[in-house]
Amino acid sequence: LGQKISQALSMIQNAESIDEKVLDACLKEIVTALLQADVNVRLVGKLRDNVKTRANNADKGAGLNKRKIIEKAVVDELSSMLSSGVDEKKLVDLKKGQPNVIMFVGLQGAGKTTTCTKYGAFYKKKGFKPALVCADTFRAGAFDQLKQNATKMQIPFYGSYTETDPAVIAAKGVEEFKKANHDLIIVDTSGRHKQEDSLFEEMRQVSAMTKPDLIIFVMDGSIGQAAEDQAKAFKDTVEVGAVILTKMDGHAKGGGALSAVAATKSPIVFIGTGEHMDEFERFEPKAFVGRLLGRGDWRGFVDKISEAVPEDAMKEELMDSLSKGNFTMRILYEQLANIQKMGPVGQVMGMIPGLSNSGLFTKGKEKESAARIKMFMTIMDSMTDKELDCPNPKVLQEQSRVMRVARGAGCNPYCVLELLEEYKRIRALIMGPGGKGKGFMQQMSKQ
Ligand code: GDP
Ligand code: MG
């Protein structure tokens, strides 16, 4: 989908002049791509009209770059299509030091049990003390499944093999973990194959007994247009505050679920992108659309890194130094150090186009990539503070410096040059060629 939209947009970029005909041709491609991805017809129509209006308004303003305006309009419209209008940040930034009770609901197979644990692990990294309660007495083996996941992520859990009333288990579990001062208590519930009365009754009871602070509706992201009915049915039964879409691994047909959920005005807070516990990420419409269009998602990358470091301070610091316009060697060093702390190198690096399959990271060669990052960091350890903070990459290339650093790191000078090449490439990616121009920083600050 992203590729098709990008292609359509490039029609605008490449056209000699932008007239009605070019715009229509471009919009036609975008509309087709969205419809093929199962996005709701009504929303697609709205997008087309809005982009057209904005393009026509641009005709009146003299000197403005029409290409940019159209491109921005498309990105904006796509983002707002996926936005619920609710402040998602409030739903994601849970308060510490109080028991946050979060109840998960959704049909069987949607991914609740898997997502519960991913969710707990996400907040654990942020310094929370999560705990899991299994209130699914419907599916055989439900408790064992949760137990297994929880144990793997070292999250305490509660459940019962004998009690058959889910509301009783849920209440007991929540009470116990409140006493033990857990500040995030996640209640996993059962689902049915269909949206049935018995399921809805059970959800109401569990909700009444546990009084959750937030109810999260988990939905299979690949189900297309059926998503709207399903999301509505759950929303009508209990007070669904947020949505998590799972199985967004391919994004192929994610358009259906995304637009359908957006239509119910429920904010999507996270998406699941695989079966593994770390395949889980924040959903932010702008960043998502950016990535969809292959534009790279520096903000998402920064988020990912700051997850590993409990404090938000680091992220602010990074954004701050980037916005001052300098991606120094020291920043690269700090980022690599954080990536190392986080485990799977691939996932993080994959978020920035240009980094995946770069000199730093090769897909499928995580081990080698990690070793390479380590080597680069050893080289940086041999640099002086001045060099690490040096605003000008050219200075670092001076031959005597390269030789000195190589000696200090005990490596071949060629490796130092490789690091410099890589650094320059990433720097150009982020700051634009020569430190100014069309880098991520500029694109971001324009938004
Ligand atoms: P529940 O019945 O709602 O509790 O769903 P489960 O957590 O048991 O998940 C059902 C299946 O979906 C399992 O095989 C999971 O591994 C799989 N699953 C869950 N989330 C994702 C995801 O984001 N991507 C993929 N590919 N599979 C997922
Ligand atoms: Mg389950």
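Residues numbered from 1 in each chain as written. Chains lettered and ligands numbered in written order. Predicted model: local features only at pLDDT ≥ 70, side-chain atom pairs only at ≥ 80, totals over all residues.

Under the annotation held in an unreviewed UniProt entry, the chain carries the name Signal recognition particle 54 kDa protein and is attributed to Coccomyxa subellipsoidea. The UniProt entry for the chain carries this comment under Catalytic activity (unreviewed entry): "GTP + H2O = GDP + phosphate + H(+)". (UniProt positions renumbered as here; feature names shortened; annotations may be inferred.)

The subject of this paragraph is the site of ligand 1. For ligand 1, the set of nearby residues contains 16 residues, the closest of which are Gly 111, Lys 112, Thr 113, Thr 114 and Gly 272. Among the elements that line the shell around ligand 1, the one with the most residues is helix α6 (residues 112-125), at three residues. For the shell around ligand 1, a count of residues per class yields one nonpolar, 11 polar and four charged. (Near = placed C-beta within 6 Å. Helix = DSSP H or I, 4+ residues; strand = E, 2+ residues; numbered from the N terminus. Nonpolar A, V, L, I, M, F, W, Y, C, P; charged D, E, K, R; others polar.)

Once that is clear, we can look at the confidence of the model for the chain. Per-residue confidence for the chain averages 81 on the pLDDT scale, and 78% of its residues sit at or above 70. Within the model, pLDDT remains below 50 along residues 308-314, and this stretch shows 10 contacts once partners closer than five positions in the same chain are excluded. For this predicted complex, the interface score ipTM comes out at 0.99, while the overall pTM is 0.65. (pLDDT = per-residue confidence, 0-100. Contact = placed C-beta atoms within 7 Å.)

Across the interface, α6 lies against helix α7 (residues 142-152) with an axial gap of 10 Å and an inter-helix angle of 25°. Between α6 and α7, the interaxial angle falls into the category roughly parallel. For the pair α6 and α7, the sense of crossing is right-handed. Contacts between α6 and α7 involve Thr 113, Thr 114 and Thr 117 from the former and Ala 142, Gln 145, Leu 146, Asn 149 and Ala 150 from the latter. Partitioning the contact of α6 with α7 into residue classes produces three nonpolar, five polar and no charged. (Axes fitted to C-alpha atoms, helices over the stretch in contact; angles between N-to-C directions. Parallel < 35°, antiparallel > 145°, perpendicular 65-115°, else oblique. Left-handed = near helix turned anticlockwise from the far one by under 90°.)

On to the packing of helix α8 (residues 166-179) against helix α9 (residues 197-210), then. At a minimum axis separation of 8 Å, α8 and α9 run at an interaxial angle of 25°. With respect to α9, the element α8 is oriented roughly parallel. By crossing handedness, the relation of α8 to α9 is classed as right-handed. Between α8 and α9, the contacting residues are Pro 166, Ala 167, Ala 170, Ala 171 and Val 174 on the first element and Glu 202, Gln 205, Val 206, Met 209 and Thr 210 on the second. Of the residues contributing to the contact of α8 with α9, the split by class is seven nonpolar, two polar and one charged.

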